[in-house]
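Structural overview
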Amino acid sequence: MHLESISTRVSPILRRPGFQATVESAFSEAVNLVTPAGAALALVSRRIGNGPLNAVVSHFQVLASLLHPGDTIHGDGAALSLGQDWRLALAPAADWDPHPDYSILARRPRVVAGNLDWLRHHLLLEAPPTSLAAPRPAVTPGAFSGPPASVRIQMHAGELIDGLKDAQSRGDLNQVAALASRLAGLGPGLTPAGDDWLAGWLVGLRAAAAMDDEDRPLAVNAVAQAVVDSARARTSRLSLAFLQAAADGAVAQAWHALLAALPDADPMPLHRAAAEIMHHGATSGSDMLAGFLVAPFPAFP
Amino acid sequence: MPIATRLLPSAYYDSVTLMLVAKELLAMPRVQDAAVVMGTPANLALMRDAHLLTDEAKAATPNDLVVAVLAGDEDAAAAALAAVAGLLAASKGGGEGTGEQRRPRSLRAAVRSHADANLAVISVAGRYAAREARLALQQGLHVMLFSDNVSLEDEIALKTLAGEQGLLCMGPDAGTAIINGVGLGFANAVPRGRIGIVSAAGTGLQSVSSDIARRGSGVSQAIGTGGRDLSEAVGGRTMLAGIAALQSDPQTEVIVLISKPPSERVTAEVLAAARGPKPVVVCFLGADPGVVERAGLIPVSTLEQAAAVAVALARGEEWCSPIVACDEAPLAHLPQTQAEAAKLQPGQRFIHGLDSGGICCYEA
C-alpha cells in the first residue's frame, strides 16, 4: 500500500517531516483529513482519482477499513502512519498539478461554444432534480425538509445566482461578495450545493477569460478572492478548501478532461468527462457544472 | 408547538442522506416539519424562515450537523430526535460522526457490524471470489456465490468446506435464490408458501417460482446451486445439502428439483437422497423419467409441469391432471397456429426466436 500521486497543492504538507492530521470524515472512496493548522486534504481511491486536495492511495479499501474519524495520522517525510498498524510510503507518489491549461480553450473558440451549448442542454436533461442545475421549481415549498427543502434551496439559490450574474456583468465586486456570502454554505450536505456552484462559477470565469482578450468588467482573481473571503466562516472546512482551490483555478482530473475536451470536435471525450463530473457526489458535480456554464463565455452566431 | 433540536459536531453526510433522513422524520407521528442540515449561516437562515431555528441551533457552526424537529407535542419531537441516530446509521451504514458512518468494506467488517447475519452474498471478480467465499464459510455464514469464473477445483473445495461446516454454498455462478422470503440476485417477487425449490438452473428457478406464484401458491425457500453442481466432478454437493435442508424445513411440504441433464451417477445419488416423507417433483430436462419414477419421485418434462404439479401437491390434489393439462394447453392455440402457418410460403420452414437463460433454451 502506497501513495500513487499527490496534488502539488497538498504535497508539501504531506511530505513535511512532523506532519500530523486528524481524520475528519470517512466515506467509501475518500477519507478527509484536517491538520492542526486547519488545512484540509483527502486520501482517496483510484476511482476518485486526482483532485486539488487529493492523495491517491493504492488499495484504498484496505486503508479505509483501518481509518476512522478522530484517528490521528503522522508523517515523517518518508511515510504516513497510524500507530503501528500501517505505513503509507510517500516516495512512489508522483506530484500532480491540479491547474489545467485554460489557454487551450482559445484555440478553437467556435468548437468550444458548440460544446458548451451541448453541455447546457445535457445538464438540463440529466442533472438530478434536487441539484441547482435542475430547472427552477414552479411550486411553493410547504416545509423545510424532504423534497420541499431541496425546492426551497433551489429557489433561494436561483435568486442569488441571478443577482451574482448581474453583479459580475456590472463589475460590482461588493455586490458579488454580498451575494456569494449568502450562497456559500447553502445546502445540507458535506459540500453544500451553493459552494459547489460557486466553485464551478469561478472555474467558468477563468475559462471564459482565457477565451478572449477583451477587458472584463472584473478581473477573475479579484472575484475569486472576494468569493473565498465571503465564504470564510460560512461553510465547512472541507468545502471552503475546495472553494479556495477552485478560486485558484485548481480542479479535479475530470475537470481537466472536460477542459481538454471542450475544444475537441470529437464529442466522445466531452461526453465521458461530463458523465464523470456529474457522477461526483449526490449533486455536487452537477451543481459545479451548472456554475461553470453560467460564466460569460464568448457567444458565436 | 415544541421544537426539539440537536447538534452533532463534526458529523458529515452527503446531501441525499440528510434529505432522506429529514423525509423519514416528517413521516413520523405528529411531526410537522424537520430540518437536517449542516449549521452554515445560509442553512440557519432557511431554518429561521421555516420557524425551526432555536437558540440551540443558533449556536451551530458550519462543521456541526443540525437536526430540528417541529412536532405536535414534546413526546413526538423527542421520539423523532431519538430516531435520528438510527436513521443516519441506516442511510449511511454507520453512526453519527463517531467513526462508523460508512458501509463495511470487508467481509470481516460486515460480520462485525452485523453479528446476527448468517448468509453472505458474494459478487466480486471471479479470481477473488473463492477467497471471499472461503472466508465467509469460515465465519459460519452460508454463501451465495453470484460470481462466475471460479475454477472447478475451488468450487469443489468450497462445497466440501461448506458440507463440513453444515452450511450451504450456493454457486459459483448462482444467479438467483429466495431465502426466507428475501430474493437474492435476479429473484422474482413471489409469495411465501409451502413449495421448496433446489435448482441448478437460475432461469429455471425463476420460471418455476414465478409460475407457482401465478397459480396462486408460494415458495418456502428457493436454493440455487450453480450450473456445474450436478456435474460428475462436483457431485451435486449443494443440491444434496439443499434437499436435506428442505426435508427438515417445517415450512416446506413439497420439493421441486430442477436441472439440465445431470451425470448418471449424480442423478442416482440425488434421487436416492430425495426419497423421503415429502413429495418431490423432479424436472431434470432430458433425463429418463423412468429412472425418476423408479426412485419413487415424480418426473416432469417441462418447467411449466414442475410448477403445476408442485402447486397441486401443495394443495393436496392429485398430480396427474396438471401434467395432462399442461400437455393439452398448446392445443387451445392450434387453430391460431394453423391460421398463421397457412400464411407461410412453401419455402418457409424455420421459426427463429431468441430465448435467454440456459435451461429455457434447452427446454425450447
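Structure: above.
Here the structure is a predicted model, which is why all the values come from computation and not from measurement.

So, on to the overall build of chain A. Assigned secondary structure in chain A consists of eleven helices and nine strands. Sorting the 301 residues of chain A into buried and exposed places 56% on the buried side. Residue pairs in contact within chain A that sit at least 24 positions apart in sequence constitute 66% of those at least 6 positions apart. For chain A, the exposed area adds up to about 11900 Å²; of that, 54% sits on carbon and sulfur atoms.

Residues and elements named next belong to chain B. This model, assessed by the stated rule, comprises 26 salt bridges over all chains. The residue Arg30 makes a salt bridge to Asp73 at a minimum N-O spacing of 2.6 Å. With Arg30 in the loop between helix H1 (15-26) and strand S2 (31-38) and Asp73 in the loop between strand S3 (64-71) and helix H4 (74-92), this residue pair connects regions lying 43 residues apart in the sequence. By relative accessible area, which is 26% here, Asp73 ends up partly exposed. Residue Lys343 pairs with Glu340 through a salt bridge whose shortest N-O separation is 3.1 Å. Looking at Lys343, the relative accessible area reads 57%, which means it is exposed. Each of Glu155, Lys159, Arg228 and Asp229 takes part in one network of salt bridges that share partners.

Next up on the list: the packing of helix H5 (residues 173-183) of chain A against helix H6 (residues 193-211) of chain A. All names here are of chain A. Interhelical geometry of H5 versus H6 gives an angle of 140 degrees and a closest axis separation of 8 Å. By the angle class used here, H5 and H6 are oblique. Here Val176, Ala180 and Leu183 of H5 come into contact with H6, specifically with Gly194, Asp195, Trp197, Leu198 and Trp201. Of the residues assigned to the contact of H5 with H6, the class counts are six nonpolar, one polar and one charged.

In this structure, A:Leu198, A:Trp201, A:Leu289 and A:Phe292 are the most contacted members of the largest nonpolar core, which totals 63 residues. Ranked by the residues each element gives to this core, the list is headed by H6(A), at eleven residues. Beyond its immediate chain neighbours, meaning those up to four positions away, A:Trp201 contacts A:Leu164, A:Gln168, A:Val176, A:Val223, A:Val227, A:Gly291, A:Phe292, A:Val294 and A:Ala295. Within the second largest apolar cluster, 56 residues are counted, among which are A:Ile13, A:Leu90, A:Leu238 and B:Tyr13.

Next up on the list: the pairing of strand S1 (residues 3-7) of chain A. Residues and elements named next belong to chain A. Where burial is concerned, most of S1 is hidden: four out of the five residues are buried. Both S1 and strand S9 (residues 94-96) contribute to a ladder of three bridges, which runs parallel. Residue pairing across strands places Ile6 opposite Asp95, the latter belonging to S9.

So, on to the sheet that holds S2(B). Residues and elements named next belong to chain B. Read across the open sheet, the three strands follow the order S1-S3-S2; overall the sheet is antiparallel. Two strands close off the open sheet at either side, each with one partner strand: strand S1 (3-9) and S2. Neighbouring strand axes in the sheet, compared pairwise and without regard to direction, differ in orientation by 10 degrees on average. As paired elements, S1 and S3 share seven bridges and run antiparallel to each other.

Rules and cut-offs
Residues numbered from 1 in each chain as written. Chains lettered and ligands numbered in written order. Predicted model: local features only at pLDDT ≥ 70, side-chain atom pairs only at ≥ 80, totals over all residues. Heavy atoms only, no water. Helix = DSSP H or I, 4+ residues; strand = E, 2+ residues; numbered from the N terminus. Buried < 20%, exposed > 50% of the residue type's maximum accessible area, 1.4 Å probe, protein only. Contact = heavy atoms within 4.5 Å. Areas by Shrake-Rupley, 256 points an atom, 1.4 Å probe, with all protein chains shown as cover. Salt bridge = Lys/Arg side-chain N within 4 Å of Asp/Glu carboxyl O. Axes fitted to C-alpha atoms, helices over the stretch in contact; angles between N-to-C directions. Parallel < 35°, antiparallel > 145°, perpendicular 65-115°, else oblique. Nonpolar A, V, L, I, M, F, W, Y, C, P; charged D, E, K, R; others polar. Core = buried A, V, L, I, M, F, W, Y, C linked by side-chain atoms within 4.5 Å. Pairing = 2+ DSSP bridges.

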